[in-house]
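The primary structure of each chain is shown beneath.
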Amino acid sequence: MHPEVVEDEPGSCPKCGMDLVAREAGGDSDAGEHDENRGHEHHEHHHDHKHESEGHDHHHAHHNDHGQSHERHHGHHQNHKHAHDHEQHQGDDDHEHAHCHEHEDHQGQDHGHQQEPAQEQSGTEYICPMHPEVVRSEPGRCPKCGMDLEPHKPGEDESVKEDVSEHDHEHHHDHSGHDHDGHDHSDHDHDHDHDHDSSGFMSMVEVTKDLPRSADGLAMDWLEVPFGPCFPGLPGGLKLTLTLDGDGVTEGQATSLVAMNTSSEEVAVETFIERLAAAMPLAPVSYRLLACRAIEQAAGLEPDPAVERGRAAALERERIASHLGWLAQLGRQLSFVWLTRRAAALQLETQRADREQLVALRPALQSLIARLEHTPLLKARLKGIGALPHGSQDLRGTVARASGRTEDARQADAMYRELGFEMRAESAGDAWARLRQRHVEIMTSLDLVEVAGDPELPKLRAIDNPSGTGEATVETPRGRATLRLTQERGQVVSVELDSACSQHIGLVADLVEGQELGDALVAVGSLDLSPWEVTS
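Bear in mind the structure is a predicted one, so any value in this text is a computation, not a measurement.

S.K.: Sorry, what's going on with the state of the cysteines here?
M.R.: Working definition: the covalent bond between the sulfur atoms of two cysteines is a disulfide. The full count for this structure, using the stated rule, is 0 disulfides. Just so you know, Cys128 is unpaired, no disulfide at all, and the nearest cysteine sulfur is the one on Cys142, 3.5 Å from it.

Structure representation (C-alpha cells):
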C-alpha cells in the first residue's frame, strides 16, 4: 500500500500496519526503490520544467518518492525537463526558465506537474489494476498484490491520468547549496505529505480514512442489503434490511409486507371470523378460536367445557404442526436437507390428524427430536447465537420461555389446568435454547391432545345478544395474542389485535447489531416471526 516504505527485514508498515512483502533487490523500480525514503509521506510531483540550453538535456525521472536526498534525486531526473531561474544560468541565453521555485524561501509553494512517459513502447503493456505503476511487457501477476496484470496499450488514458494527478503539493526546499551546473541537489530538503501512488490513484488507506471503524478495526464501505420477502430460512412476506460492514452487520430492521390492517370496517361476525383465520395462514386455528371467544364473550356466553376440550386439542395440534414447520425452515436455512424433508413430512401428517393418528406419530416425533439434540454440528451452529439483549421487554411464547420466563396464557385457562398442563422452560435465551424449547412444547402438546380427545375446528356458538364488547386471549404457537372487539347488531365495528409477532419484530434491530451476517440470519430465523401476525 505504501511502496516508499522499504525495510531490510520482515515487519509491519508503520503507516497502515500491513505486513511488508518481500521483493528482490533492484526489482520493480516503478514502486519506489529508494531506501532512504523510509518514514516520509509523499505527494507525487510532475515537474513541468523546460531546459533548452546547449549541452544541457535534462531529462529527469519522475519522483515516485520525494523524501529522498538529492544525491539520489539527481540520478533519477530522466523524464522531466527543468528550467531553473538561477544566478548561475543568467548568462545562458538559450535557457527558458519556468521553474516555480523562489530560492530565498520556497516553503508552501504549489507546483503544477506533468509527467512525461517513462519510455516509448510499442505493442501492449500489462498493468496491475491496483498498482498502475507496475508495468510489464508480458502477462503475469502483480508482485505486490498478486492480481493478474491487465492488457493496456501505451498512451491509452493518458489524459485521464493527467487530470487525476493534478494536485497542489506543499514543498519545503532549502536551495542555499544549489549547484545547478553540476545538478548537485544534495542540500534539498523535501517535506511532502500524501497517500497517492505514482500514477495519481488514491490508496485504500486514504479512501477509507474517514469511514467509521467496525469491531475488527477495519474501515469499509457500508452496504444496505435486503433479504426477503422470499429468502430461505425466513418466512415469506418478511423483509429484513441489514447494513453490512464487510460480512458484519452494523444495524438491521425487519418489516412485514403482509401486515394485517385493523382499521375499522363493519363486517358480519361470521365473516369476520373467516377473514381473521384466512389472514393468518401460519396459525389459522389459533386466530379462529380467538375471534370466536371474543365474540362469544361480547355476547355474554360462558365457556362450555365440552366445546373447549375439542378447541384445546385443535390448538395443540396446530402448535405441533407449527413447530415442525419452523424446523423445516431451519433445515432450509442451514442446508440440512434431511431435516427439511423429515420435518415437512411430519408437519403434513400432523395438520389433519385425529387423536389416534397423533398418538401414533409419537415415536417418529421422539426420534426426530433425539436426533436433533444429538447432532453436534447443529448445537455448535446455534448455541450462543441470537441471545436476547438484557432487559428485552414483552417477550412472549417460545421466545420468552426459552429465556426462562414463565409467560404462557394457558396457565390462566381453567380447561388447561383440568388437562394437567405444566409449563417447562429453558433459560439460555439463545437460538439453541429456542430449538430445545420447541422440542419440549411438541411433546407437551402431544400429551394434551391425548388427554383432551379429538381436535375440533373452532366454530361460533349460537349467540342471543349480538351487541357488546368482548376480549379474548389465546396462546398461539408464537405466543400470547389478545383480541378486543366491539359488535353492534351482529356487526363487528371495531377491532384491536395485540399479537406476539408485533412485539417480537422489534427485537431484530438489537439482535443483529454487531453480528456476522450468517449468525444474524440464524438469530432472526430462531424468533419464528410470522409477518401475517404483525398488525399495521
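On we go.
S.K.: What am I meant to see in the pairing of strand E5 (residues 238-245) here?
M.R.: Consecutive side chains of a regular strand alternate in pointing toward one face of the sheet and then the other. Most of E5 is tucked away: 6 of the 8 residues are buried. Sheet topology note: the strand E4 (residues 222-227)/E5 ladder contains 6 bridges and is antiparallel. Residue pairing for E5: Trp222 is matched across the bridge by Asp245. Both E5 and strand E6 (residues 248-256) contribute to a ladder of 8 bridges, which runs antiparallel. Within E6, the residue paired with Leu238 across the bridge is Ser256. Hairpin connection of E5 to E6: 2 residues between the antiparallel strands, including Gly246 at a positive phi of 70°.

S.K.: Please explain the confidence of the model for the protein chain as it appears in this structure.
M.R.: Low pLDDT means the predicted coordinates in that region are not meant to be read closely. For the protein chain, the average pLDDT comes to 77, and 68% of its residues sit at 70 or higher. Note that residues 27-121 has pLDDT below 50 and, in this model, 235 contacts with residues that lie over four places away or in other chains.

S.K.: Is there a simple way to think about the sheet that holds strand E10 (residues 491-498) in this case?
M.R.: Two strands in a sheet stick together by hydrogen bonds in their backbones, pointing the same way (parallel) or opposite ways (antiparallel). Overall, antiparallel pairing links the 4 strands, which are arranged E7-E10-E9-E8 in an open sheet. Since the sheet does not close on itself, it has two edges, and those belong to strand E7 (267-268) and strand E8 (468-476), each with one partner. Summarising the sheet, strand E9 (residues 479-488) and E10 pair through 7 bridges and their orientation is antiparallel. Its bridge partner being in E10, Leu483 is matched across the sheet by Leu497. Running over the sheet, helix H5 (residues 284-298) touches E8, E9 and E10 and is turned about 150° from E8.

S.K.: In this structure, what is going on with helix H16 (residues 517-526)? I would like to understand it.
M.R.: Count 3.6 residues to each turn of an α-helix, and residues three or four apart come out pointing the same way. Of all 10 residues in H16, 8 are buried, a share of seventy percent or more. Every buried residue belonging to H16 is among Asp519, Ala520, Leu521, Val522, Ala523, Val524, Gly525 and Ser526, and all of these are buried.

S.K.: In this structure, what is going on with helix H4 (residues 269-278)? I would like to understand it.
M.R.: Of the positions making up H4, those classed as buried are Val269, Phe272, Ile273, Leu276 and Ala277. The arc that holds every buried residue of H4, seen down its axis, measures 125°, which confines them to one face. The inward-facing, buried residues of H4 contact E7, H5, E9 and E10.

Rules of the game
- Residues numbered from 1 in each chain as written.
- Predicted model: local features only at pLDDT ≥ 70, side-chain atom pairs only at ≥ 80, totals over all residues.
- Heavy atoms only, no water.
- Disulfide = S-S within 2.5 Å.
- Buried < 20%, exposed > 50% of the residue type's maximum accessible area, 1.4 Å probe, protein only.
- Helix = DSSP H or I, 4+ residues; strand = E, 2+ residues; numbered from the N terminus.
- Pairing = 2+ DSSP bridges.
- pLDDT = per-residue confidence, 0-100.
- Contact = heavy atoms within 4.5 Å.
- Axes fitted to C-alpha atoms, helices over the stretch in contact; angles between N-to-C directions.
- Arc of directions from axis to C-beta.

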